[in-house]
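The chain contents come next:
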Amino acid sequence: MSESTPSLLNRTVLPAPWSLSIRTVGFGLLGGLLYGLLGIFSYTLPHSDYVTIRPAIAILVFLGIRFGPIAGGVAGLIGNPIVDLLQGASIWTFWDWHLANALVGVIAGLAAHFLRPATSARGRIIRLSVISVVALVFGFALTFLDLLRGESGSTWWAGSYLPTVGWSLVVCLPLVPVLDSGWRPPSPLTREGPSAPSAASSPASDMPE
């Protein structure tokens, strides 16, 4: 099959960056399952009843970057409830956090699509770091819906939002570049110039060569 004729697996029904295909949804579902299973390795922050450090959050950012906002969003939407279930909590208690996790993956995918591709190893790390910051800061902002459960604004801001974003950055800033390098090593980075499509900005181009 020629490169100009995509298979059914890769054929998209929506334009970029919202490319939707069986492959995209499949990566989202698999990523969500992986995120849910690895999410049990979470560590509750001191002086907090439920805010945790979760290394698996890097998976959501990575999926959004490599496979687009739909894959990242699906992974967050199904992965976070799995973590809650495995930890013995109801999936309905922190429903807004499920949406926030999904939004992290969506924003990572959108930022990766619109942010200019890197042309050096250093530029790649900076690009991934910027995407991580944007995705986490704006994605977890949706947890302000905690206020609907009667939580005060100051408690949400200082006790939930800031610790979650801060510790998630501590995790994502080193892990997202590692995951990205593992998927596509830095060696072919020279092909990510302006004349060649970037894998980070074009989810449909991520098939291994």
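Refer to the structure presented above.
Residues numbered from 1 in each chain as written. Predicted model: local features only at pLDDT ≥ 70, side-chain atom pairs only at ≥ 80, totals over all residues. Heavy atoms only, no water.

**As for a nonpolar patch on the surface**
- On the surface, a cluster of nonpolar side chains totalling about 760 Å² of accessible area is made up of Leu33, Leu34, Leu37, Leu38, Ile40, Phe41, Tyr43 and Leu86.
- When residues of the nonpolar patch are assigned to their parent elements, the largest contribution, four residues, is made by helix H1 (residues 22–38).
- Inspection of the secondary structure assignment puts leucine 33 in helix H1.
- Residue classification places leucine 33 among the partly exposed residues on the basis of a relative accessible area of 42%. (Patch = residues over 30% accessible without salt bridge, like charges linked within 9 Å, V, L, I, M, F, W, Y side chains within 5 Å. Areas by Shrake-Rupley, 256 points an atom, 1.4 Å probe, with all protein chains shown as cover. Salt bridge = Lys/Arg side-chain N within 4 Å of Asp/Glu carboxyl O. Helix = DSSP H or I, 4+ residues; strand = E, 2+ residues; numbered from the N terminus. Buried < 20%, exposed > 50% of the residue type's maximum accessible area, 1.4 Å probe, protein only.)

**Observations concerning the packing of H1 against helix H2 (residues 57–67)**
- In contact at an axis separation of 9 Å, H1 and H2 are set at 170 degrees when each is read in the N-to-C sense. It follows from the interaxial angle that H1 and H2 lie roughly antiparallel. Note on element contacts: H2 touches H1 through Ile57, Ile59, Leu60, Leu63 and Phe67, opposite Arg23, Thr24, Phe27, Gly31, Leu34, Tyr35 and Leu38.
- For the contact of H1 with H2, the class distribution of residues is nine nonpolar, two polar and one charged. (Axes fitted to C-alpha atoms, helices over the stretch in contact; angles between N-to-C directions. Parallel < 35°, antiparallel > 145°, perpendicular 65-115°, else oblique. Contact = heavy atoms within 4.5 Å. Nonpolar A, V, L, I, M, F, W, Y, C, P; charged D, E, K, R; others polar.)

**Regarding the packing of helix H4 (residues 95–114) against helix H5 (residues 121–139)**
- Close contact between H4 and H5 brings their axes to 8 Å; oriented N to C, the two are set at 145 degrees. Relative to H5, the crossing made by H4 is right-handed. Taken together, the residues of H5 that come into contact with H4 (itself represented by Ala100, Leu103, Val104, Ile107, Ala108, Ala111 and Ala112) are Arg127, Ile131, Val134, Ala135, Leu136, Phe138 and Gly139.
- Residues of the contact of H4 with H5, tallied by class, amount to twelve nonpolar, one polar and one charged. (Left-handed = near helix turned anticlockwise from the far one by under 90°.)

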